[in-house]
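Structural overview
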Amino acid sequence: MSETPRWLDEDAGPVVRPYALIRGRTRSSGDNLDLIATVSAVGEPPADLGPEQALILRVARHPISVADVAVELDLPVGVVRVMLGDLRDHGLISVSAPAAAGSRPNEGILKEVINGLRAL
Amino acid sequence: MDSVLSEDPVALKILIAGGFGVGKTTLVGSISEIKPLRTEEVLSDRGIGVDDLDGVEAKTTTTVAMDFGRITIREGLVVYLFGTPGQERFWFMWDELSYGALGAVVIADTRRLTDCFPSVDYFEQRGTPFVVAVNCFDGADQHSVDDVRIALDLDDGVPVMLCDVRRRASAKEVMITLVEHSLRTLTAAG
């Protein structure tokens, strides 16, 4: 961070607009990925991967949420979803929906959360 | 379909809502590691006159930062917190966030109580379990809690509590109250 030149601070805006990274597309098979869906890298990454895509595969070596991937890459969630959709289409990541999506979690899990919060 | 492995982590979502400057960011930061999550807002008619669009007619989205926090209960069980902007123009984000959410905390400031009306309405309509946490600005007391319950016309079952979002212990108590409330709601629903 300290090596960032002063004239390239956040106020100057990104050098490459986020949507240029995904060739101007705003839609992909990743559109509906839940923010807390878990992403894991699978398979061997090809050599010609873009730097952002390569970074996603690096941070997803251990299971990580979609929101966490966006934070790690410091890119808007929409842009990250497009990239994740592409990577999934190419069989480079697997995505599992959050266990709780659409339905409420079970009693045992909630009790565990309550105890866990108390112990914080 | 993605195969669901038994060791798949369980992830839960809790929303932190309330008016501008009411303490959402502080609450998330008190109890978890907090990071800014960038998301996009579609510029609607509401933005006209606020956002100067001259010369950038092609620009239809702008970036909004959400507060994003993570509490690891144990390996494979994580609670994610999302602090969402309270204004109606951000409701497109809420629809996504509230889907499958464990519940929500609505932070209230007794000096600007109307600011949390939209949040309360929203969660009541969605059937999302929520608690109202009255942030202790300006010496709010138990009397304030009763006033808030009446002013917001809350169901008896909805917990209303005082809190000081800067204090970790208080933030913890709010979260525990919410999860207990969600658990009761779940049990009652059978």
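Definitions and cut-offs
Residues numbered from 1 in each chain as written. Chains lettered and ligands numbered in written order. Predicted model: local features only at pLDDT ≥ 70, side-chain atom pairs only at ≥ 80, totals over all residues. Pairing = 2+ DSSP bridges. Helix = DSSP H or I, 4+ residues; strand = E, 2+ residues; numbered from the N terminus. pLDDT = per-residue confidence, 0-100. Contact = placed C-beta atoms within 7 Å. Axes fitted to C-alpha atoms, helices over the stretch in contact; angles between N-to-C directions. Parallel < 35°, antiparallel > 145°, perpendicular 65-115°, else oblique. Nonpolar A, V, L, I, M, F, W, Y, C, P; charged D, E, K, R; others polar. Buried ≥ 20, exposed ≤ 12 C-beta atoms within 10 Å, placed from the backbone. Left-handed = near helix turned anticlockwise from the far one by under 90°.

Residues and elements named next belong to chain A. Pairing in this open sheet of three strands is antiparallel, and the strands run β2-β1-β3 from one edge to the other. Across the chains shown, the open sheet's two edge strands, defined by having one partner strand only, are β2 (64–65) and β3 (93–96). Bridge count for strand β1 (residues 38–41) against β3 is four bridges, and the pairing is antiparallel. Looking at the pairing, serine 40 lines up with serine 94 of β3.

Once that is clear, we can look at the confidence of the model for chain B. Residue and element names in this part refer to chain B. Across chain B, pLDDT averages 82, with 79% of residues at or above 70. Scored below 50 in pLDDT, residues 1–6 makes four contacts in the model with residues more than four places away or belonging to other chains. This complex was scored by the predictor with a pTM of 0.82 and an ipTM of 0.83.

Let's shift gears to the packing of helix α1 (residues 24–31) of chain B against helix α5 (residues 168–189) of chain B. Two quantities define a packed helix pair, namely the angle between the helix axes and the distance between the axes. Residue and element names in this part refer to chain B. Direction vectors running N to C along α1 and α5 enclose 95°, while the axes themselves pass 8 Å from each other. When the axes of α1 and α5 are compared, the pair comes out roughly perpendicular. Residues Leu27, Ser30 and Ile31 of α1 form the contact with α5, whose participating residues are Arg168, Ala171, Lys172 and Met175. Its residues assigned to classes, the contact of α1 with α5 shows four nonpolar, one polar and two charged.

So, about the interface of chain B and chain A. Interface size, as often reported, equals the accessible area lost upon joining of the parts. In this assembly, 32 residues from chain B lie in contact with 31 residues from chain A. At nine residues, the largest contribution of residues to the side of chain B that touches chain A is made by α5 of chain B. Here the side of chain B that touches chain A is built from residues that sort into 18 nonpolar, five polar and nine charged.

Regular strands have side chains that alternate between both faces of the sheet. Residue and element names in this part refer to chain B. The buried fraction of strand β4 (residues 77–83) is high, at six of seven residues. Two elements, strand β1 (residues 10–18) and β4, share seven bridges in a ladder whose sense is parallel. Note that in β4 the partner of isoleucine 14 across the bridge is leucine 81.

A word on the packing of helix α1 (residues 51–59) of chain A against helix α2 (residues 66–73) of chain A. Residues and elements named next belong to chain A. For the pair α1 and α2, interaxial distance at closest approach is 10 Å and the crossing angle is 125°. As judged from the angle between their axes, α1 and α2 are oblique. Handedness of the α1/α2 crossing: right-handed. Residues Glu52, Leu55, Ile56 and Val59 of α1 pack against Val69, Glu72 and Leu73 of α2. Residue composition of the contact of α1 with α2, grouped by class: five nonpolar, no polar and two charged.

The next subject is the environment of alanine 47 of chain A. Residues and elements named next belong to chain A. With respect to the helices, strands and loops of the structure, alanine 47 is situated in the loop between β1 and α1. The exposure class assigned to alanine 47 is exposed, which follows from the 6 C-beta atoms found within 10 Å. Spatially, the C-alpha atoms of alanine 47 and glutamate 112 are 43 Å apart, while their sequence positions differ by 65 residues.

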